[in-house]
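So the chains spell out like this:
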Amino acid sequence: MIWIDIMYAIKQMIIYIMSAIILNALTGSCIFICFKFLEKWLEKRGLIWTSIRMLRFVILSFLVPVVFILLLNVYDDNTIFSPDRPLDYIFGVLLIIWIIGWIKAFIHSMKIHKRLKYLVNNACLCEKNVVMVKDKWEKKLKIHVNVTVKQTYTIATPIICGIIKPVILLPVNDYSKEELDVIFAHELMHCKHKDILWKQLCAFSRIVFWWNPLIRRFVYDIDSWNESYCDHAVTNILKDKKQYFTTVCRLGIQPFQKGAYLCAALYEDKNQLKTRIYRIKAVRHLNKRKMLGGVCMNVLLLVASFLSVVFITRGYHRLYMSAIMSLNTENHPEMATVEKRSMNLKEYDDIRINQKLPVVKMEERIQRGKLIYFTQTLKAKNRTESNSMYLKKGDIVKFDFLNSQNENLNKKETDFVAGIINDDGKERYVMGSDEIIHDFKILENGNYRFFVENRYDSKTDVGINFRWEKLKENRTIR
């Protein structure tokens, strides 16, 4: 028995892991696509600050499992993430494929990290006058962590790497005072903005979602907007934008090609530099109206994100439910014939059958549009009622109740009762001896509860099966 429990737990964990990865990828991709629709508008108006905040929100949407948590807590129906066959095998195969790709992406990332570590360890400390300029900019930008500055022959443009112990690496060269000011102002601004941390989160996303075609573009945009955000902050201090970008072009003759998403380089790409200059020029025309527009764009992205989360949550749940229902029909053909087996039972209409019966809460939560099956023990002369749920006119509630009473007992047709109650306490119900298979058509919109009564003189285990579907024109309800 313990091995069965262990295998079930493993299957459940596999489905949890793959579902979380798929759902996070869908959520992050949808929100990123929403940002791309707004990007050009933001770029033309110089709203760099707004754009970088949006992109950092997108990073979090890739990494925080909001939809997964919602599915676990909102849809408490014992069906979502259920490891029914062959779903456990399908998710198992997907997990194996994902692990292979993850290992490859992880090894690639570790190689880049190792190269950077090698560069840092083999670089030489800079001369005192260079360190003094760095210290001056550290103080000016209020950097509260000590940043080391080193020189090496193995890079062509200045970079900064490291989160806890940041290090600025400079190509070996004789720098003028103006060049050092541009270098340290730019690289230390990355440190102030925590850009390396966000780049590392992007690197993590790139490893986890290696299969996502949007992730490469997403990482590129993060790099590009981080540089623009840094340029904007530095040019506000240095004032002379032309001299700043001239110096950047002169210092960055060759692009940095050692895995820029683990560090921040002064110059990475010629086309990216053109984009950075264009964005800084657009900032000159920034005014209050455009800033208000930026706030509206933030709100719009939040609304789009909320809708994306809702649609993905409901869509994934519906898809999973459809798969479970299809599998249940294949594995248990008798479930597909419930409609044909519906018993010709007379419906009764009353306020209450017996108000003196003790009422206990139904153990499973009932939800509209969901297949629910469970077993509950019901004491003698007891009644169980479900939670209240809103149903629409034309909906069909399909009941299937079985109990474990001994067949040799002298049973009456009024011993087993099931039905629905509206908010006014009015009931529609059917009665049987030991089995009830019946469809109720909802006649008007409203809140309804479902109930089962055990009128036997002894307790019984009741098998309860609920299903819903919308009314079909060619369907006859008995």
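Heads up: the structure comes first, above all this text.
Keep in mind that this is a model prediction, so the values were computed, not measured.

What follows deals with the overall build of the protein. When you go through the protein residue by residue, the secondary structure sums to 13 helices and 16 strands. Here the protein holds 478 residues, and 50% of them are scored as buried. If you take every contact in the protein between residues at least 6 apart in sequence, the share linking residues at least 24 apart comes to 78%.

Nonpolar side chains in soluble globular proteins tend to be buried together. Of all hydrophobic cores here, the largest spans 77 residues; its most connected members are Leu-170, Phe-184 and Phe-218. In this view, Leu-170 contacts Cys-126, Val-130, Val-149, Lys-150, Gln-151, Thr-152, Ile-155, Pro-158, Tyr-175, Ile-183 and Phe-184; residues no more than four positions away in its chain are not counted.

Assignment of secondary structure puts Asp-88 in helix H4 (residues 87–122). A polar contact of 3.3 Å, which involves the side chain of Asp-88, links it to the side chain of Lys-11. Excluding residues that lie within four positions of it along the chain, Asp-88 makes contacts with Lys-11, Ile-15 and Pro-83.

This part covers a positive patch on the surface. Among the surface-exposed residues, Lys-239, Lys-241, Lys-281 and Arg-284 lie close enough to one another that they form a single positively charged patch. Mapping Lys-241 onto the fold places it in helix H9 (residues 241–251).

Further remarks concern a nonpolar patch on the surface. A grouping of Leu-292, Val-295, Val-299, Val-303, Phe-306, Leu-307 and Phe-311 is seen on the molecular surface, where their side chains present a nonpolar patch of about 710 Å² in accessible area. Within the secondary structure, Leu-307 sits in helix H11 (residues 288–331). You can call Leu-307 partly exposed: its relative accessible area is 40%.

This model, assessed by the stated rule, comprises 20 salt bridges. In this structure, the salt-bridge partner of Lys-177 is Asp-181, at a minimum N-O distance of 3.0 Å. Taken together, the positions of Lys-177 and Asp-181, both in helix H6 (residues 177–192) and four residues apart, correspond to about one turn of that helix. Classification of Lys-177 as partly exposed rests on a relative accessible area of 43%. The exposure class of Asp-181 is buried, given its relative accessible area of 13%. Notably, a salt bridge pairs Asp-221 with Arg-217, separated by 3.2 Å at the nearest N-O pair. Pair noted here: Asp-221 and Arg-217 are both in helix H8 (residues 215–238), with a separation of four residues, about one helical turn. Judged by its relative accessible area of 2%, Asp-221 falls in the buried class. What makes Arg-217 partly exposed here is its relative accessible area of 42%. Shared partners join several salt bridges into a network, and the residues in it are Lys-36, Glu-39, Lys-40, Glu-43, Arg-217, Asp-221 and Arg-279.

What follows deals with the packing of helix H7 (residues 195–208) against H8. Where H7 contacts H8, the axes come no closer than 10 Å and their chain directions differ by 175 degrees. Regarding the angle of H7 to H8, the classification is roughly antiparallel. For the pair formed by H7 and H8, the contact residues are Asp-195, Lys-199, Cys-202, Ser-205 and Arg-206 on the first element and Ile-215, Arg-216, Phe-218, Val-219, Ile-222, Asp-223 and Asn-226 on the second. Grouping the constituent residues of the contact of H7 with H8 by class yields five nonpolar, two polar and five charged.

Turning to the packing of aromatic side chains, a few remarks are in order. Throughout the structure, instances matching the rule amount to seven aromatic pairs. Here the aromatic rings of Phe-62 and Phe-209 are separated by 5.5 Å at their centres, their planes lie at 50 degrees, and the arrangement is tilted. Taken together, the residues Phe-62 in helix H2 (residues 48–63) and Phe-209 in the loop between H7 and H8 connect sequence positions 147 residues apart. Ring plane angle 15 degrees and centroid distance 5.1 Å describe the contact between Trp-102 and Phe-106, whose orientation is recorded as stacked. Here Trp-102 pairs with Phe-106, and both are found in helix H4, just four residues apart, close to one helical turn. Accessibility expressed as a relative area gives 29% for Trp-102, which makes it partly exposed. An aromatic cluster is defined as three or more aromatic residues linked by ring pairs; in this entry it consists of Phe-32, Phe-62, Phe-209 and Phe-218. Just above the ring of Phe-451 sits the side chain of Arg-383; from NZ or CZ to the centre is 4.0 Å.

So, about H6. In a regular helix each residue adds 1.5 Å, so 16 residues correspond to 22 Å; H6 covers 22 Å between its end C-alpha atoms and thus fits that length. Phi for Lys-194, located one or two positions after H6, is positive at around 60 degrees.

Rules used in this analysis
Residue numbers restart at each chain and count upward from 1, following the sequence in its written direction. Confidence filtering applies because this is a predicted model: local features only for residues at pLDDT of at least 70, side-chain atom pairs given and counted only at 80 or more, and all residues used for totals across whole chains, interfaces and linings. Based on all heavy atoms of the structure, the side-chain values leave hydrogens and waters out of the count. Secondary structure elements follow DSSP: runs of H or I no shorter than four residues count as helices, runs of E no shorter than two count as strands, and numbering proceeds from the N terminus. Three exposure classes are used, based on accessible area relative to the maximum for each residue type with a 1.4 Å probe and protein chains only: buried under 20%, partly exposed in between, and exposed over 50%. Contacts: residue pairs with any heavy atoms within 4.5 Å of one another. What is meant by a nonpolar core is a set of buried Ala, Val, Leu, Ile, Met, Phe, Trp, Tyr and Cys residues, joined one to another through side-chain atoms within 4.5 Å. Contacts described as polar in this section are N or O atom pairs within 3.5 Å, which, within protein, must combine one atom able to donate a hydrogen with one able to accept it, while residues neighboring in sequence count only if both atoms come from side chains. Each patch is built from salt-bridge-free residues with over 30% relative accessible area, joining like charges within 9 Å and nonpolar side chains (Val, Leu, Ile, Met, Phe, Trp, Tyr) within 5 Å. Exposure was quantified through the Shrake-Rupley algorithm and a 1.4 Å probe, taking into account, for residues, occlusion by the shown protein chains and nothing else. Take a side-chain nitrogen of Lys or Arg and a carboxyl oxygen of Asp or Glu: if they are within 4 Å of each other, that pair is a salt bridge. In this tally Asp and Glu are treated as negative and Lys and Arg as positive; neither His nor the chain ends contributes. All charge positions are set by atom: Lys at NZ, Arg at CZ, Asp at CG, Glu at CD. Working convention: axes come from line fits to C-alpha atoms, limited for helices to the stretch in contact. Angles between N-to-C directions cover 0 to 180 degrees. Should an angle lie under 35 degrees it is considered roughly parallel, over 145 roughly antiparallel, and from 65 to 115 roughly perpendicular; all remaining angles are considered oblique. Residues are grouped as follows: Ala, Val, Leu, Ile, Met, Phe, Trp, Tyr, Cys and Pro are nonpolar; Asp, Glu, Lys and Arg are charged; every other residue, Gly included, is polar. In summary, the pairing rule links any two rings of Phe, Tyr or Trp, Trp by its six-membered ring, whose centres are within 6.5 Å, and it sorts them by plane angle into stacked for under 30 degrees, edge-to-face for over 60 and tilted for everything else. Put simply, a charge is over a ring when the Lys NZ or the Arg CZ is close to the ring centre, within 6 Å, and near the line of the ring normal, within 35 degrees. Between the first and last residue of a helix there are one fewer steps than residues, each counted as 1.5 Å, and that sum is the expected span.

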